[in-house]
Every structure is written in structure tokens, then in C-alpha cells.
Amino acid sequence: MIIQSMKMAIKAIASNKLRSFLTMLGIIIGVVSLVVLVSLVNGATGSINDSIDSLGSNSLTVNITSGQDKPLKLSELDSLIENEIFDEIAPTSKTSVTASTSYAEENVSVTGTTTAYMNIEKLEVASGRFIMNPDVDNHSDVVVISEDLAVDVCGRSNVVGETMKLDGKNYLIIGVLESSNSLTSNSDNSDYQAYIPYTSLIRLSDGISLDISSFEVSVNGDDLDKAETILENVLLNRFDNDEDAYSIFNRSQIAEAMSSVNNTLSLLLGGIAGISLLVGGIGIMNIMLVSATERTREIGIRKAIGATRGSVLMQFLIEALMLSLFGCGIGIGISELVIVIVNIVGNVSYTMSISIVGISVGFSVFVGLVFGLYPANKAATMKPIEALRFN
Amino acid sequence: MIRFENVSKIYQVGDETVKALDDVSLSIEKGEFVSIIGPSGSGKSTLMNIIGCLDVADMGQYFLDGAPIENYSEKELAHIRNKKIGFIFQSFNLIGTMDAAENVELPMIYQRVPAKERKRRVEEALKMVGLYERRHHKPNQLSGGQQQRVAIARAMAGEPSILLADEPTGNLDSNTGKQIMALFRELHEQGHTIVLITHDPEVAAQADRSIAIHDGKIRKEVAA
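None of these values were measured; they are calculated from a predicted model.

Structural notes on the overall build of chain B
Summing up its helical and strand segments, chain B has seven helices and 10 strands in all. Relative to the globule expectation of 17 Å for 224 residues, the C-alpha radius of gyration of chain B, 17 Å, shows essentially globular dimensions. Judged by the C-alpha coordinates and their principal axes, chain B covers about 50 × 40 × 35 Å. Sequence separation of 24 or more characterises 69% of the internal contacts of chain B that already satisfy a separation of 6 or more. Working note: accessible area of chain B is about 10000 Å², and carbon and sulfur atoms make up 47% of it.

Re the nonpolar core
Membership of the largest hydrophobic core comes to 80 residues, with the highest contact counts inside it found for Ile-2, Phe-4, Leu-47, Ile-51, Tyr-62 and Leu-64 of chain B. Not counting the four nearest positions on each side in its chain, Leu-64 of chain B is found in contact with Met-1, Ile-2, Cys-53, Ile-69, Ile-80, Lys-84, Ile-85 and Ile-162 of chain B. Leu-80, Val-110, Val-153 and Ile-208 of chain A belong to the second-largest nonpolar core, a separate cluster that totals 47 residues.

Quick notes on the domain arrangement of chain A
Under the domain assignment, chain A is made up of domain 1 (2-51 + 257-389) and domain 2 (58-250). A separation of 55 Å is found between the C-alpha centroids of domain 1 of chain A and domain 2 of chain A.

Focus: the interface of chain B and chain A
Counting from both sides, the interface comprises 25 residues of chain B and, opposite them, 20 residues of chain A. Together, the buried faces of chain B and chain A total about 2100 Å²; carbon and sulfur atoms form 62% of this surface. At the boundary of chain B with chain A, the tally comes to three salt bridges. Close ionic contact of Arg-309 of chain A with Glu-74 of chain B constitutes a salt bridge, the shortest N to O distance being 2.8 Å. If you look at where chain B meets chain A, you find seven residue pairs in polar contact (both at pLDDT 80 or more). Listed by contribution, the elements that provide at least two residues to the side of chain B that touches chain A are α2 (74-84) and α3 (100-110) of chain B. Of all the elements, α2 of chain B adds the most residues to the side of chain B that touches chain A, at six residues. When grouped by side-chain class, the residues that make up the side of chain B that touches chain A number 11 nonpolar, six polar and eight charged.

Comments concerning the sheet that holds strand β1 (residues 2-13) of chain B
Residues and elements named next belong to chain B. On the basis of which strands lie adjacent, the open sheet formed by four strands has the order β2-β1-β4-β5 and antiparallel pairing. Across the chains shown, the open sheet's two edge strands, defined by having one partner strand only, are β2 (16-28) and β5 (67-68). Here helix α1 (residues 44-51) sits on the sheet and contacts β1, β2 and β4 (59-64); the angle it forms with β1, its principal contact strand, is near 120°.

Some words on unusual backbone geometry
Residue and element names in this part refer to chain B. Positioned with a positive phi, Glu-167 is a non-glycine residue whose angle comes to about 45°. With respect to the helices and strands, Glu-167 occurs in the loop between β7 (162-166) and α6 (174-189). Glu-167 sits in the buried class, given a relative accessible area of 8%. Despite not being glycine, Asp-215 has its phi angle at roughly 50°, a positive value.

Remarks on a negative patch on the surface
A grouping of Asp-222, Asp-223, Asp-225 and Glu-256 of chain A is seen on the molecular surface, where their side chains present a negatively charged patch. Mapped onto the elements, Asp-225 of chain A comes out in helix α8 (residues 224-238).

Notes on the sheet that holds strand β2 (residues 86-91) of chain A
Residue and element names in this part refer to chain A. As summarised here, the arrangement of the four strands in space is β2-β10-β1-β11, forming an open sheet in which the pairing is antiparallel. Only two strands of the sheet have a single partner each, and these edge strands are β2 and β11 (246-250). Sheet twist, expressed as the average angle between the axes of neighbouring strands with direction ignored, equals 20°. Pairing of β2 with strand β10 (residues 214-219) involves four bridges; the strand directions are antiparallel. Of the residues in β10, the one forming a bridge with Phe-86 is Val-219.

Points about the pattern of salt bridges
Residues and elements named next belong to chain B. Counted by the stated rule, this structure contains 25 salt bridges over all chains. Between Asp-58 and Lys-9 there is a salt bridge, with its nearest N and O atoms 3.6 Å apart. Remark: Lys-9 occurs in strand β1 and Asp-58 occurs in the loop between α1 and β4; sequence separation between them is 49 residues. According to the relative accessible area criterion, Asp-58 is partly exposed, its value standing at 43%. What makes Lys-9 buried here is its relative accessible area of 7%. Among the ionic pairs, Glu-32 bridges to Arg-209, the shortest N-O distance being 2.7 Å.

Some thoughts on helix α10 (residues 296-304) of chain A
Residues and elements named next belong to chain A. Of all nine residues in α10, eight are buried, a share of seventy percent or more. Every buried residue of α10 is listed here: Thr-296, Glu-298, Ile-299, Gly-300, Ile-301, Arg-302, Lys-303 and Ala-304. One or two positions beyond α10, positive phi appears at Gly-306, with a value near 120°.

A few points about α3 of chain B
Among the 11 residues that make up α3 of chain B, nine are buried, leaving the element largely enclosed by the rest of the structure. Of the positions making up α3 of chain B, those classed as buried are Ala-100, Ala-101, Asn-103, Val-104, Leu-106, Pro-107, Met-108, Ile-109 and Tyr-110 of chain B. Summarising the contacts, the buried residues of α3 of chain B are in contact with α1 (2-15), α10 and α11 (309-346) of chain A together with α2, α4 (115-128) and α5 (144-157) of chain B. The residue sitting at the N-terminus of α3 of chain B and contributing the capping side-chain oxygen is Asp-99 of chain B; that oxygen lies 3.1 Å from the backbone nitrogen of Ala-101 of chain B. One or two steps after α3 of chain B, the chain reaches Arg-112 of chain B, where phi turns positive at roughly 60°.

Quick look at the packing of aromatic side chains
This structure, assessed with the given rule, holds six aromatic pairs over all chains. Taken together, a centroid distance of 4.9 Å and an interplanar angle of 45° make the contact between Phe-4 of chain B and Tyr-62 of chain B tilted. Residue Phe-4 of chain B is found in strand β1, and its partner Tyr-62 of chain B is found in strand β4; the two are separated by 58 residues along the sequence. With a centroid separation of 5.5 Å and 10° between ring planes, the pair formed by Phe-87 of chain B and Phe-89 of chain B is classed as stacked. Classification of Phe-87 of chain B as buried rests on a relative accessible area of 1%. Overall, the relative accessible area of 6% leaves Phe-89 of chain B in the buried class. Each member of the aromatic cluster is reached from another via a ring pair, and the members are Tyr-117, Phe-130 and Tyr-195 of chain A. Of note, Arg-238 of chain A hangs over the ring of Phe-239 of chain A, and the distance from its end group to the ring centre comes to 5.1 Å. Its guanidinium or amino end placed over the ring of Phe-63 of chain B, Arg-3 of chain B lies 4.5 Å from that ring's centre, counting from NZ or CZ.

The rules behind the values
- Sequence positions are assigned chain by chain, starting from 1 and proceeding in written order.
- Chains carry letters from A onward and ligands carry numbers from 1 onward, assigned in written order.
- For a predicted model such as this one, the threshold for reporting local features is a pLDDT of at least 70, and the threshold for listing and counting side-chain atom pairs is 80 or more; totals across whole chains, interfaces and linings nevertheless cover every residue.
- To get the side-chain values, all heavy atoms of the structure are used, and hydrogens and water are removed first.
- Only DSSP runs of H or I with at least four residues qualify as helices, and only runs of E with at least two residues qualify as strands; both kinds are numbered from the N terminus onward.
- Just to be clear, the radius of gyration here is over C-alpha atoms, and the globule rule we use is 2.2 Å times residues to the power 0.38.
- We call two residues contacting when some pair of their heavy atoms lies within 4.5 Å.
- All accessible areas in this document rest on Shrake-Rupley with a 1.4 Å probe, and a residue is counted as covered only by the protein chains that are shown.
- To form a nonpolar core, buried Ala, Val, Leu, Ile, Met, Phe, Trp, Tyr and Cys residues must be joined to one another through side-chain atoms within 4.5 Å.
- To sort residues, take the accessible area from a 1.4 Å probe on protein chains only and compare it with the maximum for the residue type: under 20% means buried, over 50% means exposed, and anything in between is partly exposed.
- Segmentation of the chain into domains, including their bounds, is taken from an automatic or database domain assignment.
- Simply put, the buried area is the total loss of 1.4 Å probe accessible area from both parts when two parts are fitted together.
- Salt bridges, as used here, are contacts in which a Lys or Arg side-chain nitrogen is within 4 Å of a carboxyl oxygen on Asp or Glu.
- Here a polar contact is taken to be a pair of N or O atoms separated by no more than 3.5 Å, where protein atoms must pair a possible hydrogen donor with a possible acceptor and residues adjacent in sequence count only if both atoms sit in side chains.
- Amino acids are sorted into nonpolar (Ala, Val, Leu, Ile, Met, Phe, Trp, Tyr, Cys and Pro), charged (Asp, Glu, Lys and Arg) and polar (every other residue, Gly among them).
- By the convention used here, strands pair only if DSSP detects at least 2 bridges between them.
- Here an angle of 0 to 180 degrees is reported between the N-to-C directions of two axes, which are lines fitted to C-alpha atoms, with helices fitted over the stretch in contact.
- For patches, a residue must show more than 30% relative accessible area and have no salt bridge; joins then use 9 Å for like charges and 5 Å for nonpolar side chains, namely Val, Leu, Ile, Met, Phe, Trp and Tyr.
- Asp and Glu count as negative and Lys and Arg as positive, but His and the ends of the chain are not part of the count.
- Where a charge lies is defined by one atom per residue type, namely NZ (Lys), CZ (Arg), CG (Asp) and CD (Glu).
- Planes of paired rings set the category: under 30 degrees apart is stacked, over 60 is edge-to-face and the rest tilted, where pairs are Phe, Tyr or Trp rings (Trp by its six-membered ring) whose centres lie within 6.5 Å.
- By definition here, charges over rings are those cases where NZ of Lys or CZ of Arg is within 6 Å of the ring centre and within 35 degrees of the ring normal.

Next comes the structure, spelled out in C-alpha cells:
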């Protein structure tokens, strides 16, 4: 019976192609906007999340905001991470300098730090090595630079052993980092990164002293919140219960905030697209009502020769369902096309979100059923004598 | 086969009650060819609707194949129409979007006859009315007489107990009408039960027996 109803539905849909297409158009537009918008938001979310992850989401950043009367020294950093939840600790201090060689010069963001920074930030060395403990102890003038800085200022990437001037002062290049697609690499100039021993940076810049102003701590395992609490206690103790002396910055919180923003965005856009699907559904109901009236006589004939209320209901319901599902199918096809075009034009690689395809199919079925039910029921409950009299 | 016992049907038109059928009793046996004749407004359409299980009586009882119809639900009535009644209408009532073969097939689909068997019976029924070669024509590609023959084939294909024809020649010219009546006589000779409703005495006279109805009452029965 269902197969027969489907055949009849296909026949009815095919017998008035233009009208069927226009009816489906509402669903098509709804599905395309739903699938494309949500896929794009998901794609963007994915790349932002990757960036946040590459920042090292299992680390805590601490800024010492005051507490000058009891400044934090480089030597006491290790005592802060005695709890086994902490892995490594590295001081950080940033300044901006001009990096130059005879080839070119560029503004560079210089981070003064220690050996542990490489692991905390998950940096990868392409050639040479990262800063080592002796470099820090000896206040060595050595620098590790990002690959693009090497290429743009030195002219090529394999520059280990050469020198580079930072604000006019000679530094030996001991390592070149692998380029990562971190968040910072998306904004052009701050892209140029150079790392020198913390002790060396103090000499380079007047504004930086031996008193630690910020540091990063890497955490064993995933429980950043627990680590934050422990670190908080350690620091409270260190700064005599002065809560304002420091601030702890938990990267998983940005990731969470970011994903919550993206979820909200998905929901918002999905909601708007959902409304257009709903409008498409009303279009289906409208046409099915017209169709039921137009085919009153047909319904009368069918009932006279033995169609039950159920079979007429089924026929109209399946027709509405097929209209919305065909529309959905076409919509998904067009969505795929749009995403491919966006990828080519925008030079990105978004993929269609399978879950949203599932949701849009489900929603189309729902819309087809709900908006098909009323016209189908109207057709099914017609009295055969009256329907036969209808002209 | 068909037995009416004091059947009445009352319509409410405004404040007035109209007795479309007034205490009608009749019976039609298996294999009979009976015509029901009456002018318009005589109640013959109401009678046909009740015989055809499209409507139910308000009073009295209607037995079809020995079973009272009044107690059946709408769904059961649909099944009875499907299995026991073959309708032939004045205006043919073929479905315009379907071709001749599909129209003939339709009652068997509702009977859930398997596809292979349906195909065989469609062929048989269309050959009987001489339209098998036009099986893929839509109703609007067929003449009135041809459409009525397709309608007869459709009624036959469901293998009903009764063929119920409502003014089957009403929309046809007299020549075509004669052909259709010849077809009915042929079907009757094959043993089918036929109830034919008409206002035309000439058509009615071709049946074995004629029941005249007027103002909702049976006036007389004439054996041909």
C-alpha cells in the first residue's frame, strides 16, 4: 500500500512540475540556508578551536599585577610548582624590537623566557635548538626565531649559526621554529616571533627587570580548573593573601567561551534557517490544500471504488512528505555546491556538517508530516457522495 | 443478494424534512438484471447510494449478501464497496491523471491484489470491453463511449458481486448508448448481477425486471 501511495505521489508531483518545484522551493531555500550557514559556522569554529588548541590549552598564564614589595624572582619560580599536578614553569616577558640583517629589517615581537617555554607552548624546532639552561644562566645573546622571520629578514630559513641584530645588538641564531598555524600567525606582523633567554631580554629592554611579571605553567592531565585552584593557593600564600597581586588566565576558559559563542551563533543562524523551513512547510500545506480541493472528485471516485479514509490520508501525507523530502534532497545538493564554491573562492576547506544534514532531513520529514496532515485529513474525511457531486 | 426491509432515508432541507426514501422494501437476487426507474427527485439516487454503501439508511435494514449494512464502520463500508460493488457512473468518473489500464487497476490496488494478478485482470477486463490496445490512453484521449467502457472494465476488474450503474448512457449519444447496453446484456448473460438506475423507460425496459420509484416509494415492479 505504501509503495502504491508513493507511486501515486510521484505521479501527482510529476503531473504538475512547475507547481511542485515552486512548492519545494521554500524547503530548498530553508535547507540550503540551514546546511550552509551551520556548516560554515562549524568550519570557522573548527579552525578557531585548532588555533586555541595550538596555544596550549593545558597551560595557565599568570600575570603579576602588583606585589612589588615582594617581587617574584626567577630563582623561586620552581618552588611554585611543587605540586605534582604542575609540569613545567617558564617566565615570559614580551617586547617589540627591530630585527635586522644586511638583507632586511622587520619589527619583531621578542619573548624572553627559559627552556621550559618550548614544551609549555608546544613549539617545534625545525633546525638548531631552543634556549637551554646555560643560555639563561650566562645571559647569552642567542635567539630562536620563527621560520617566516628567518625567510623575510635573513632571506632563507636555514640560518642557524648566523647572527641577527635585535635593536642593533648582535644575537646568534641558535634555532629556527617550525611554522605553526597558531592564532597569532593569522595576523600579519605579530607573526614574526623571536625567543631569547629571559636574562638576556633584561639587558635588551629597559622596561624589564629580574622581577617576574608573568609566567606560564603547564599542567599534567586535563584538569585545568583543579590546577588553577592549587596555583591560586600557592600564589595567595606567596603574596600574603593579596588577591589583587596576580591574575591567573586559564586558556581552556577562552576555548570554552569561544565554543559557547559559536554554539550560540550556530543556534541563532540555524534558528533563522529553521524559520524559513517552517515557511516552506506552510507553502506545502497551502498547495496540498489546493490539491485536495482540486482533486475532490478524484477522492470521491477513489472512495467509491474502495479507498478507505486511511488510504486517502496516506496518499496525501506521502505526497506532502515526498515534496518536502525531494526539496530537502535538492537543498542538500545545492548546499554541497555552495560549500564547494565557498571553499574555492575563500580558499578554505569547510565540509558539510553531517549532523546538520541529518537535522535538516529530520526537520523536513517533520515539516512534511505536520503540514501535510491537515490537508490529508481534510481529503480523507470527505464524504464520497458529496465528493462525487463536486465539479 | 440485495434485500431492503422498510428502508427510509430522511434529509433535512432547512426546516423541512424530505423523505427521500419512504419505507422501501425490495429484493434483488443473484444473477438478476434489474433496472430502477424514476424521474429526477424520485429518490432513485438515494436508493443507489444506499445499495452502493455510499450512504446508510436512517430506518429499516439493508442486507447485502445476507449481512446487515447498518452496523458497519466507515472503513468496513469502504471494504464492502471495494469488494462487492462495481460502480458505473453517468459521467464515467475515471481519474484524469491515470491512463485506462491504471484506472482499471485501481480497485484491485485497494483490494491488495498482487501486481502480477492485477496485470492479468486489467488485460482481461480491457479485452472484454475491446479497449486493450488503448490501455495507455488517458481518459481525455478517449471518446465518451470508450471512457464508459473503461469504467465498466474498472467495475468488472474488482470482481464485485453487483454492478451498480447510475444512468450509464446518460452522457452518451443513442448509438453509443446502445453499445453500452449491449455490453451490459452480455455481462448479464455471463451471470453478473446488474442494477441499473435510469430515468429512461427505453433503457429500463432492457432489464429483466424494472422497479419504478416515485416520491421515495416503490410504485410498481414490472417483469420484462
